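Residue-level listing of the chains:
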Amino acid sequence: HPHILTCHGYLDNGDVVLEFAPLGSLAQVLSSMQSQMQHKKLTWSVQRDSSRQICSAMAHLAELGVVHRFLMLRSVMVTHLLLTTSTASIQTKLGDLETCSTSPNFDAILQPVTPVRWAAPEA
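The structure reproduced in this document is the subject of the present report. On a predicted model such as this, the values are computed, not experimentally measured, just so you know. (Residues numbered from 1 in each chain as written. Predicted model: local features only at pLDDT ≥ 70, side-chain atom pairs only at ≥ 80, totals over all residues. Heavy atoms only, no water.)

1. What to know about the overall build of the chain
Condition: Every helix listed is a DSSP run of H or I at least four residues long, and every strand listed is a run of E at least two residues long, numbered separately from the N terminus. Type-normalised accessible area, obtained with a 1.4 Å probe on protein chains alone, sets the label of each residue: buried when under 20%, exposed when over 50%, and partly exposed for intermediate values. Throughout, a contact is declared for two residues whenever any of their heavy atoms are within 4.5 Å. Accessible surface is estimated by sampling points in the Shrake-Rupley manner with a 1.4 Å probe; for residues, cover comes only from the protein chains shown.
Per the secondary structure count, the chain includes 3 helices and 7 strands. Within the chain, buried positions represent 33% of all 123 residues. In the chain, of all internal contacts separated by at least 6 residues, the share reaching a separation of at least 24 is 69%. By element, 57% of the accessible surface of the chain is carried by carbon and sulfur atoms, the whole surface being about 8,000 Å².

2. Concerning the environment of His-80
For clarity, the threshold we go by: Under this definition, polar contacts are N or O atom pairs within 3.5 Å; protein pairs additionally need one hydrogen-donor-capable and one acceptor-capable atom, and for neighbouring residues in sequence, both atoms have to be side-chain atoms.
Note on placement: His-80 falls in strand E4 (residues 76-83). In this structure, the C-alpha to C-alpha distance between His-80 and Lys-93, residues 13 residues apart in sequence, is 9.8 Å. Within the local environment of His-80, its side chain forms a polar contact with the side chain of Ser-89, the two groups lying 3.1 Å apart.

3. With respect to the pairing of strand E5 (residues 88-94)
For the record, the criterion: Pairing between strands is defined by DSSP: at least two bridges between the two strands are required.
As paired elements, E4 and E5 share 7 bridges and run antiparallel to each other. By the bridge assignment, Val-78 is partnered in E5 with Thr-92. Once E4 ends, the chain turns through 4 residues before running back antiparallel as E5.

4. So, the nonpolar core
For clarity, the threshold we go by: Buried residues of nine kinds, namely Ala, Val, Leu, Ile, Met, Phe, Trp, Tyr and Cys, make up a nonpolar core once their side-chain atoms join them within 4.5 Å.
Ranked by size, the top nonpolar core spans 10 residues in total: Leu-26, Val-29, Met-33, Leu-42, Val-46, Ile-54, Val-76, Val-78, Leu-83 and Ile-90. For this core, the secondary structure elements donating two or more residues are helix H1 (26-36), helix H2 (44-63) and E4. Apart from residues no more than four positions distant in its own chain, Val-46 is found in contact with Leu-83, Ala-88, Ser-89 and Ile-90.

5. Re the side chain of Thr-92
In this structure, Thr-92 sits in strand E5. Residue Thr-92 is classed as buried on the basis of its relative accessible area of 0%. Leaving out residues up to four positions away in the same chain, Thr-92 has contacts with His-3, Ser-50, Gln-53, Ile-54, Val-76, Met-77 and Val-78.

6. Topic: the pairing of strand E1 (residues 7-10)
The side chains of a regular strand alternate, residue by residue, between the two faces of the sheet. Note that E1 and strand E2 (residues 16-18) share 3 bridges and pair antiparallel. The residue bridging Tyr-10 from the neighbouring strand is Val-16, located in E2. The turn linking E1 back onto E2 is made up of 5 residues, and Gly-14 within it adopts a positive phi angle of 95°.

7. Remarks on H2
Note the cut-off: To estimate how far a helix should extend, the number of its residues minus one is multiplied by 1.5 Å. In this context, the arc is that of the directions from the helix axis out to the C-beta atoms.
End to end, H2 covers 28 Å across 20 residues, agreeing with the expected 28 Å (1.5 Å per residue, within 8%). When we look at burial in H2, the residues that qualify are Val-46, Ser-50, Gln-53, Ile-54, Ala-57 and Leu-61. Summarising the axial view, the buried residues of H2 lie within an arc of 85°, below the 170-degree limit, and thus occupy one face. Those residues of H2 that are exposed and angled more than 90 degrees off the buried face are Trp-44, Arg-52, Cys-55, Ala-62 and Glu-63.

Shown next, in the form of structure tokens:
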């Protein structure tokens, strides 16, 4: 899916190698914008596009019978962000998939999970 981080493989120790998101999480992007670029804010169109991208990824997971248990700003990765006076665009992808569950039992979904460590491809 275009809005879910690509899994490039698994290491022998259980680590997962995911697609690199150069801008980090949406939480990091918003935090840096607040502290460094106070004059720039995400436009409504950028907020709408980001929301649509994540909803599309969540709908795809739901179609597969997968429940993402911890959707947060830190599990949404930003791969592209362009903010100028004339245009604005964002590319977000859903990450933190090690917390997903395919269990139809809601009680099992609420059980705590130890996330698998991840590594960028260049690591």
